[in-house]
Amino acid sequence: MKKDLLDVLADFPGRCVLVVGDVMLDEYICGEVRRISPEAPVPVVELYRRVYVPGGAANTAANVISLGGRAWLGGVVGRDPSAEVLRQVLRERGIDDGGLVVDPTRPTTIKTRIVARNQQIVRVDVEKHLPLPPELENALLVWAATRLREVHVCILSDYAKGVVSARLAERFIQMAREASKPVVVDPKGADYTKYRGATVVTPNVHEVEVALKCEIHDDSELLEAGLRLSAILEGSALLITRGPEGMSLFLDGAEVVHIPAVARSAFDTTGAGDTVVATLALALAAGATLQQAARLANYAAGIVVGKFGTATVTLEELLEGVRNGG
């Protein structure tokens, strides 16, 4: 019998998700601004709180946990204090970090945001866009292979920091397909051929423009771009996230499905893509169709953009959103 959305959500708890990709540590330095510096025309932030949260693929895993699932996380960190902080915040959220391999030649990716009264003043990034050494790439793939039997669905989270090479993406998707596990991809960059074979790929409009070297101004151009990108993906479903305009789902041989956004008073898109792929993956693991999974992801996106910064959505919030929206 076909499940409705509430039935799907009831099956979220305990579903296991394998997340592989670019992990990050997000740092928030929060304070008050009461004066301008006498040294330069910049605000002086009086620090009152420093917060660390998982970012990138780690935020995807955090969303899986907050939605009731279980998460195994694979990626790369440096040999530095930021890696230890990241491992600690992952453990606090119940995320298995056994798949984090160490590359001593690169720093752990960290994004530091200085914030005053929920207004971001500046962001400082520490990162290196380097391909993984072959031995580390192989170690990550071997680790992922050992987890495939235990999980219901896989996520590939590509932030173009060097972890998700064409070889890693292709091998990871191939392994998942051989194990009959769906694969949800959060993509980046211009080469979408490396995502062929995935169940669904989830770019936003800007990422579609980058991939196709085009500009999208209206629905007709979006439709044309979606069909072009679908052809490159050779059968993988394509879910284009459109911010305040919702989402558009392209399925091979079917008419495009447009899903209106859930209205919110605030709109902070930081980490919203992580929430979308986590919700999609858990919905597919719970037996949803792609259309149902996309609708649930749309509800989740509408919730998370109403929060400040890198955030997660809880299963209770999503249940409430579906009940109120339905």
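Everything that follows concerns the structure shown earlier in this document.
All values derive from a computational prediction rather than experimental measurement.

1. Describing the overall build of the protein chain
Phase 1: Helix and strand counts for the protein chain come out as 10 helices and 13 strands.
Phase 2: For 326 residues, the compact-globule estimate of 2.2 N^0.38 gives 20 Å, and the C-alpha radius of gyration of the protein chain, at 19 Å, lies within 12% of that figure.
Phase 3: Viewed in the frame of its principal axes, the protein chain has a C-alpha envelope of about 65 × 45 × 40 Å.
Phase 4: Residue pairs in contact within the protein chain that sit at least 24 positions apart in sequence constitute 68% of those at least 6 positions apart.
Phase 5: Of the accessible surface of the protein chain, which amounts to about 14400 Å², a share of 51% is contributed by carbon and sulfur atoms.
Phase 6: Within the protein chain, the 41 negative side-chain charges are centred at a point lying 4 Å from the centre of the 35 positive side-chain charges.

2. Here we look at the side chain of Asp-97
Phase 1: Topologically, Asp-97 is positioned in strand β5 (residues 96–102).
Phase 2: With a relative accessible area of 15%, Asp-97 lands in the buried category.
Phase 3: Dropping the residues within four chain positions of it, Asp-97 is found in contact with Leu-73, Arg-87, Leu-90 and Arg-91.

3. A closer look at the sheet that holds strand β13 (residues 257–259)
Phase 1: The mixed open sheet is built from nine strands, whose spatial order is β5-β4-β1-β8-β9-β10-β11-β12-β13. A strand with exactly one partner marks an edge of an open sheet, and here the two such strands are β5 and β13.
Phase 2: Strands β1 (16–21), β4 (70–77) and β8 (153–157) of the sheet are contacted by helix α2 (residues 57–66), whose axis makes an angle of about 170 degrees with β4.
Phase 3: Contacts from helix α8 (residues 272–285) reach β1, β8, β9 (183–186), β10 (200–201), β11 (237–241) and β12 (247–250), with the element oriented near 175 degrees to β9.

4. Regarding the nonpolar core
Phase 1: Grouped together as the largest cluster of nonpolar side chains are 64 residues, with contacts concentrated most on Phe-12, Leu-73 and Leu-318.
Phase 2: Excluding residues within four positions of it along the chain, Phe-12 makes contact with Leu-67, Gly-68, Gly-69, Thr-279, Leu-282, Ala-283, Ala-286, Leu-296, Leu-315 and Leu-318.
Phase 3: Counting residues in hydrophobic clusters, the runner-up holds 42 residues, among them Leu-136, Val-151, Leu-233 and Val-256.

5. Some thoughts on the environment of Glu-170
Phase 1: Within the fold, Glu-170 resides in helix α5 (residues 166–178).
Phase 2: In this structure the C-alpha to C-alpha distance between Glu-170 and Lys-194, which are 24 residues apart in sequence, comes to 5.6 Å.

6. Looking at the sheet that holds strand β2 (residues 23–36)
Phase 1: Spatially, four strands are ordered β3-β2-β6-β7 in an open sheet, and the strand pairing comes out mixed. Strands at the two margins of the open sheet, each flanked by one partner only, are β3 (43–56) and β7 (119–126). When the angles between neighbouring strand axes are averaged without regard to direction, this sheet yields 20 degrees.
Phase 2: Bridging between β2 and strand β6 (residues 110–116) involves seven bridges; their strand directions are parallel. Looking at β6, one finds that Glu-27 is bridged to Thr-112.
Phase 3: Each of β2, β3 and β6 is contacted by helix α3 (residues 81–92), which is oriented at about 100 degrees to β2, the strand it contacts most.

7. Considering the pairing of β7
Phase 1: Bridge count for β6 against β7 is seven bridges, and the pairing is antiparallel. Residue pairing in the sheet places Ile-114 in a bridge with Val-122 of β7.

8. Re the pairing of β12
The two faces of a sheet get side chains in turn, since along a regular strand they alternate between them.
Phase 1: Across the two faces of β12 the burial is the same, with Met-247 and Leu-249 and Ser-248 and Phe-250 all buried.
Phase 2: Where β11 lies against β12, four bridges are found, and the strand directions are antiparallel. Following the sheet pairing, Leu-239 is matched in β12 by Leu-249.
Phase 3: What sits between the antiparallel neighbours β11 and β12 is a turn of five residues, in which Gly-243 has the positive phi angle 60 degrees.
Phase 4: Of the pairings in the sheet, the one linking β12 to β13 comprises three bridges and is antiparallel in character. Considered in β13, the bridge of Ser-248 is made with His-258.
Phase 5: The loop that links β12 with its antiparallel partner β13 comprises six residues; one of these, Gly-253, has a positive phi angle of about 80 degrees.

What counts as what
Residues numbered from 1 in each chain as written. Predicted model: local features only at pLDDT ≥ 70, side-chain atom pairs only at ≥ 80, totals over all residues. Heavy atoms only, no water. Helix = DSSP H or I, 4+ residues; strand = E, 2+ residues; numbered from the N terminus. Rg over C-alpha atoms; globule rule 2.2 N^0.38 Å. Contact = heavy atoms within 4.5 Å. Areas by Shrake-Rupley, 256 points an atom, 1.4 Å probe, with all protein chains shown as cover. Lys, Arg positive; Asp, Glu negative; His and termini not counted. Charge placed at Lys NZ, Arg CZ, Asp CG, Glu CD. Buried < 20%, exposed > 50% of the residue type's maximum accessible area, 1.4 Å probe, protein only. Pairing = 2+ DSSP bridges. Axes fitted to C-alpha atoms, helices over the stretch in contact; angles between N-to-C directions. Core = buried A, V, L, I, M, F, W, Y, C linked by side-chain atoms within 4.5 Å.

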